[in-house]
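An overview of the molecular structure
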Amino acid sequence: MLAETVTQPEYEVPESETSFERCPYCERPFRTDELLIHHVGSNHRDSCTDEELEAYEAVESDEEFELFTFHVKAAVTVFMVYFMFSFMYALVWA
Ligand SMILES: [Zn+2]
């Protein structure tokens, strides 16, 4: 026996919203292309086209790269602050 869907998702898009994309598989509206690509890639992986899957993977690797650069910047900042305080300490006590 198949499980019955209890809730039917409903999406209300306000009249003022003019530029949005709809998922071709489940009709869910998205404000930007990127959100739609992400949704299709993660929720309709089995039924989406190769193009959509490629777009999803490109978006994903961009995100990973951005996160990596953020980590590098954060590490460098902490390192610089550490050295700044070390030098100040050395100067004060010199
Ligand atoms: Zn969908």
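Residues numbered from 1 in each chain as written. Predicted model: local features only at pLDDT ≥ 70, side-chain atom pairs only at ≥ 80, totals over all residues. Heavy atoms only, no water.

With that settled, consider the coordination of the zinc ion. Protein-derived ligands of the zinc ion are Cys23 (SG), Cys26 (SG), His39 (NE2) and His44 (NE2), with the metal-ligand distances lying across 1.9 to 2.3 Å. Coordination at the zinc ion comes from 4 donor atoms whose angles at the metal span 104 to 120°, giving a geometry best classed as tetrahedral. Positions of the donor residues of the zinc ion along the chain correspond to the pattern C-x2-C-x12-H-x4-H. Placement of the pair is Cys23 in the loop between β1 (21-22) and β2 (29-30) and His39 in helix α1 (residues 33-43), with a sequence separation of 16 residues. (Donors = N, O, S within 2.8 Å, 3.2 Å for Na, K, Ca; no water. Tetrahedral: all angles 85-135°; square planar, octahedral: opposite > 155°, others 65-115°. Helix = DSSP H or I, 4+ residues; strand = E, 2+ residues; numbered from the N terminus.)

The next point concerns the packing of α1 against helix α2 (residues 50-93). Helix-helix packing is characterised by the crossing angle of the two axes and by the distance between the axes. α2 packs onto α1 with a crossing angle of 110° between their chain directions and a minimal axis gap of 9 Å. It follows that α1 is roughly perpendicular to α2 by the angle criterion. Here the hand of the crossing between α1 and α2 comes out left-handed. Only Glu52, Ala55, Tyr56, Val59 and Glu60 of α2 make contact with α1, whose side of the interface consists of Ile37, His38, Val40, Gly41 and Ser42. Of the residues that constitute the contact of α1 with α2, the class distribution is 5 nonpolar, 3 polar and 2 charged. (Axes fitted to C-alpha atoms, helices over the stretch in contact; angles between N-to-C directions. Parallel < 35°, antiparallel > 145°, perpendicular 65-115°, else oblique. Left-handed = near helix turned anticlockwise from the far one by under 90°. Contact = heavy atoms within 4.5 Å. Nonpolar A, V, L, I, M, F, W, Y, C, P; charged D, E, K, R; others polar.)

Per the UniProt record, "domain: C2H2-type" (unreviewed entry) is found at residues 23-44. Counted over residues 23-44, helix gives 50% and strand 9%. Its end C-alpha atoms are 10 Å apart. (UniProt positions renumbered as here; feature names shortened; annotations may be inferred.)

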